[in-house]
Every structure is written in structure tokens, then in C-alpha cells.
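Residues per chain are reported as follows:
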Amino acid sequence: MRAGDQAAYAVLVARYRARLGRYAVHMLGDRDDAEEALQDAFVRAYRSISRCRDDARFGAWLFGILVNRCRTAGRRAARRQRMFVRDDVSLARAAAAEPPEAPDWDITVRRALDRLVPALREAFLLKHVEELEYDEMAQLTGAKVSALKMRVMRAREQLRALLSEVERV
Amino acid sequence: MFEHDDDALNRMIDRLREPVEMDPRLDTRVMARVAAPGFGARAALVWEWLRRPRAVAISPIAGLGLAAAAAVLIWVLPTHTSQPPSLPATDITPVQFVVVAPGAESVSLVGDFNDWDARLTPMRAERDGRLWTVTIPLPAGRHRYAFLVNGARWLADPSAPRAPDDFGTPSSVVTVGG
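An account of the accompanying structure is given in this report. Everything numeric in this text was worked out from a predicted model, so none of it was measured.

### A few points about the overall build of chain A
Step number 1: Helix and strand content of chain A: 8 helices and 0 strands.
Step number 2: When the elements of chain A are put in sequence order from the N terminus, they spell out α-α-α-α-α-α-α-α.
Step number 3: Across chain A, contacts joining residues at least 24 apart in sequence account for 67% of those joining residues at least 6 apart.

Below, the structure written as C-alpha cells:
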């Protein structure tokens, strides 16, 4: 498929929406930001489709664009301090007002993921959720395989610690 | 202890792998943006305007034939008072792109100004087909571009700064104005 074929592109958008959306939601932690990043990725891919040198690898190429869009969106969100804000004061008040109880598992997962710095979160999601090989991750992120292995290892260590903290509550 | 921690981590991974529903209306929004006339249409308008015959003083370009492997030459329009009213009141500068590609059958200029569409800006062969040139109007700002040789080979401009991009293909940056 080449530029201009909008009907064919609409099929591709529908096909990749869920898979790419999952990554964007988990990476950005905010559904609106994720949808915006996903839209941007699809539009940029369409406008630049002549740069996709191997049609058979369109999905991987598109994923690479999304990874970059998420990085940009994450930086923007961090600047406006709407994301990854840990409102420790409110949390402490809430804990004092109500007896402690085990938090919802989805919230636990989200909080644990948010506590990772973006580079670790990105590597962890690409490896363990998107199930990419390290060389694929290196192509998408521009990072070296050794660096990515280190990031995944650190992400796992930090997540183990965070999850065990929660389970002790 | 470690096995217990891994259990929690594996549960987390399983949860994260579950499908995430995205709003299907997102497709409509994407396709609306795709169909909207973008910068390419605006550039075409500007280009049409620029190609109309008129007396324009353009600074001489010395040493064009001695260009290196590739080069971007920027002409400065002396004024923009002759812009038609329909154009935005921004500075438009003709920028000449030059690349040496002996033996090429076709060379196109692609960039963010033409949505990287290789069909929109073909370059013209000069000097026995060694030198390929094209001149396009660009608004002030940074523009990313590359040359596409024979419809397949991407070539960054070795005389210009390289541009980081999302696509894994080489590209360069030209700054117009400012």
C-alpha cells in the first residue's frame, strides 16, 4: 500500500488500533494522552508511508513511530505535571482516615508502572508485554541491546520491590 | 521469597497483556486528519504562486557547478510585498536543493514540507545527468528532508546537519530564515 490509498489505510488503522493502543495506554498511564499519541502516530505514518521501505514490516515501522510519539507525549505530560504525580500528602491523609486495605490490583499495577522512569517502563513493556526480541527493541528505540537488557532487569527489580511492598499492606 | 515476588510480577505482566479497548471513533478521527488538506496543499499553493512570471531579484549563486555531493542553496527574496493576499503573511524563501547523483534515473526531494511524498517534488537533471536540482518555496523554520534516488535509495544531505527522526531513514535539516 502506498500514499493516497485512504480506504486501505483505514483497514490498517482498525487492525493496529488495539495492539498499539495497549502500549500507549500502559506507557502514558492516561487514556486521553494515549489516544492522542496513537492518532499522531497513525497520521504521521500515513503522511510518511513512502519511508516505509518494507511493506511487510509496516507494523514494526508503525510501532517505532508510536514509541517516539509516546516519548514526546510523556515529556509534554511531565512538563504540565499531570502525569506521574505522586500526591503523597493526599495519600497519607487517606490512609489516616480509613483503615488500610489491600488496594485494587489494577490500581496497584498502574501505580507500580508509573513509579518506573520512562526508559525503564518503555523497555519493560516492549519486552514483557509486547514480547519483542531485544534486537527488535533496539531497532525501535535506538538503544543498544546491552542497555535494554539492563533497563529490563532494573525494571523487574523495582517492580518486584514495589509489588512486595503493596502485598505487605 | 523470590518465587513469591516473581508470582506477583508475572500476575502483573499477565494483566498488562490483556487487550485494551480503544475508542473505535479514533479511526474516524485519524482518517479525518489524513484526508484534511495539509501542509502539502499549502506548499502547492505557494509554489503555484512562486512560479508565476514576475521580476524577482535573486542573489547570484556562485560555484553551483562545484557543489559537493549535495548542497542546499537558499535564495533570499528581496521582499514579500508582492505576495498575493491569499497567502499567509509569512516569509517564503526559495530554497534550491542540489545533489550529485551520476547515473540516477530519477531523484526526488522528500521532506516534511511535502509529507515525504516522492511524487510531489521530482528533481531535474543537469550537466549530463550528474547534477540534480529543484527549487521550492519554504516558509521560515526548520525543515527535514532527504533525497530519494531511483525511488528506492534514501540519501541524506552530507553537507547539512543530520536530523533525528522516527523512521530510521537518513534525513537532513535546513533552517530557513531566522
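### Examining the overall build of chain B
Step number 1: In terms of helices and strands, chain B carries 3 helices and 8 strands.
Step number 2: Ordering the α and β elements of chain B from the N terminus gives α-α-α-β-β-β-β-β-β-β-β.
Step number 3: For chain B, with 178 residues in total, the buried portion stands at 26%.
Step number 4: For chain B, long-range pairs separated by at least 24 residues make up 62% of all intrachain contacts whose partners lie at least 6 apart in sequence.

### Points about the interface of chain A and chain B
Step number 1: Taken residue by residue, the interface counts 37 residues in chain A and 29 residues in chain B.
Step number 2: For the side of chain A that touches chain B, the secondary-structure elements that each account for two or more residues are α1 (6-28), α2 (31-47), α3 (58-79), α5 (105-115), α6 (118-129) and α8 (145-168) of chain A.
Step number 3: For the side of chain A that touches chain B, the leading source of residues is α1(A), giving 11 residues.
Step number 4: Its residues assigned to classes, the side of chain A that touches chain B shows 18 nonpolar, 10 polar and 9 charged.

### As for the packing of α1(A) against α6(A)
All names here are of chain A.
Step number 1: Interhelical geometry of α1 versus α6 gives an angle of 145° and a closest axis separation of 10 Å. In terms of crossing hand, the pair formed by α1 and α6 is right-handed. Of α6, the residues touching α1 (which contributes Tyr 23, His 26 and Met 27) are Arg 121, Glu 122, Leu 125 and Val 129.
Step number 2: Class assignment of the residues belonging to the contact of α1 with α6 gives a composition of 4 nonpolar, 1 polar and 2 charged.

### A short note on α1(A)
All names here are of chain A.
Step number 1: Look at α1: only 28 Å from first C-alpha to last across 23 residues, short of the 33 Å you get at 1.5 Å a residue.
Step number 2: Among the residues of α1, Tyr 9, Val 13, Arg 17, Leu 20, Gly 21, Arg 22, Tyr 23, Ala 24, Val 25, His 26, Met 27 and Leu 28 are the ones counted as buried.
Step number 3: The first or second residue beyond α1 is Gly 29, which carries a positive phi of 70°.

### Regarding the environment of B:Asp115
Step number 1: Locating B:Asp115 in the fold gives a position in the loop between β3 (107-111) and β4 (124-126).
Step number 2: When the C-alpha positions of B:Asp115 and B:Tyr145 are compared, they lie 9.9 Å apart, and in sequence the two are 30 residues distant.

### Re the packing of α1(A) against α2(A)
In a packed pair of helices, the relevant descriptors are the angle between the two axes and the axis-to-axis distance.
Residues and elements named next belong to chain A.
Step number 1: Interhelical geometry of α1 versus α2 gives an angle of 140° and a closest axis separation of 9 Å. Relative to α2, the element α1 is oriented oblique. Where α1 crosses over α2, the handedness of that crossing is right-handed. The segment α1 lies against α2, with Tyr 9, Val 13, Leu 20, Gly 21, Ala 24, Val 25 and Leu 28 engaging Arg 31, Asp 33, Ala 34, Ala 37, Leu 38, Ala 41, Phe 42 and Tyr 46.

### Observations regarding unusual backbone geometry
Step number 1: Despite not being glycine, A:Glu131 has its phi angle at roughly 55°, a positive value.
Step number 2: Mapping A:Glu131 onto the fold places it in the loop between α6 and α7 (134-141).

Conventions and cut-offs
Residues numbered from 1 in each chain as written. Chains lettered and ligands numbered in written order. Predicted model: local features only at pLDDT ≥ 70, side-chain atom pairs only at ≥ 80, totals over all residues. Helix = DSSP H or I, 4+ residues; strand = E, 2+ residues; numbered from the N terminus. Contact = placed C-beta atoms within 7 Å. Buried ≥ 20, exposed ≤ 12 C-beta atoms within 10 Å, placed from the backbone. Nonpolar A, V, L, I, M, F, W, Y, C, P; charged D, E, K, R; others polar. Axes fitted to C-alpha atoms, helices over the stretch in contact; angles between N-to-C directions. Left-handed = near helix turned anticlockwise from the far one by under 90°. Expected span 1.5 Å × (residues − 1). Parallel < 35°, antiparallel > 145°, perpendicular 65-115°, else oblique.

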